[in-house]
Amino acid sequence: MLSKFIVAGAVSAIAATAAQAEGTAKQRFTHEGYTYVYDVQDTAAGKKISGRRYPGAVAFNLSVKDGKVSGVSNGHQVSFPVEEARGAASN
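**A look at the pairing of strand 5 (residues 68-73)**
- Alternating residues of strand 5 divide into V69, G71 and S73, all buried, and K68, S70 and V72, none buried.
- As paired strands, strand 4 (residues 58-65) and strand 5 are joined by six bridges and run antiparallel to one another. Counterpart to K65 in the pairing with strand 5 is K68.
- Where strand 4 folds back onto strand 5 in an antiparallel hairpin, the turn is made up of two residues, including D66, whose phi is positive at roughly 50°.
- Here strand 5 hands over to strand 6 (residues 76-81) after two residues, with N74 in that stretch at a positive phi of 55°.

**Examining the pattern of salt bridges**
- According to the stated counting rule, one finds two salt bridges in the structure shown.
- Across the salt bridge formed by K26 and D39, the nearest N and O atoms sit 3.0 Å from each other. Taken together, the residues span a long stretch of sequence, with K26 in the loop between helix 1 (2-17) and strand 1 (27-31) and D39 in strand 2 (residues 34-43) at a distance of 13 residues.
- A salt bridge links D42 to K47, with the shortest nitrogen-to-oxygen separation between them at 2.3 Å.

**Details of the sheet that holds strand 1**
- The antiparallel open sheet is built from six strands, whose spatial order is 1-2-3-4-5-6. Here the strands that pair on one side only, and so sit at the sheet edges, are strand 1 and strand 6. Ignoring which end each strand starts from, the neighbouring axes of this sheet average 20° apart.
- Strand direction decides the pairing type here: strand 2 and strand 3 (residues 46-54), joined by nine bridges, are antiparallel. Following the sheet pairing, T35 is matched in strand 3 by Y54.

Parameters at a glance
- Residues numbered from 1 in each chain as written.
- Predicted model: local features only at pLDDT ≥ 70, side-chain atom pairs only at ≥ 80, totals over all residues.
- Heavy atoms only, no water.
- Buried < 20%, exposed > 50% of the residue type's maximum accessible area, 1.4 Å probe, protein only.
- Helix = DSSP H or I, 4+ residues; strand = E, 2+ residues; numbered from the N terminus.
- Pairing = 2+ DSSP bridges.
- Salt bridge = Lys/Arg side-chain N within 4 Å of Asp/Glu carboxyl O.
- Axes fitted to C-alpha atoms, helices over the stretch in contact; angles between N-to-C directions.

Structural data, given as C-alpha cells:
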C-alpha cells in the first residue's frame, strides 16, 4: 500500500510537470508523516520513479509501463495497476 501512495504522488507530479522541460530537480510530497523525494525519468521502457522516503532514507525504485507499476520499495517487490495508485491519491 505504501508504494501506491508513492506512485500516487508521482503520478500527480508527472501530470503537473508534464509541460515543463526535463531537469534534474527532485520532486517531493508528504504522506502520513513521511516525505518522499524522487526523480521521474522517461525511458524507452516507460517511466522510472526512484528516490528515498524520509525519515530513514528508505530507497524505492519503481517502473511505470502499460498501466502497471512494479519495482522495489523498502526492499520489497511491489506490483499493481497505476489506477490503484490514483485511487489511493484520492483517499
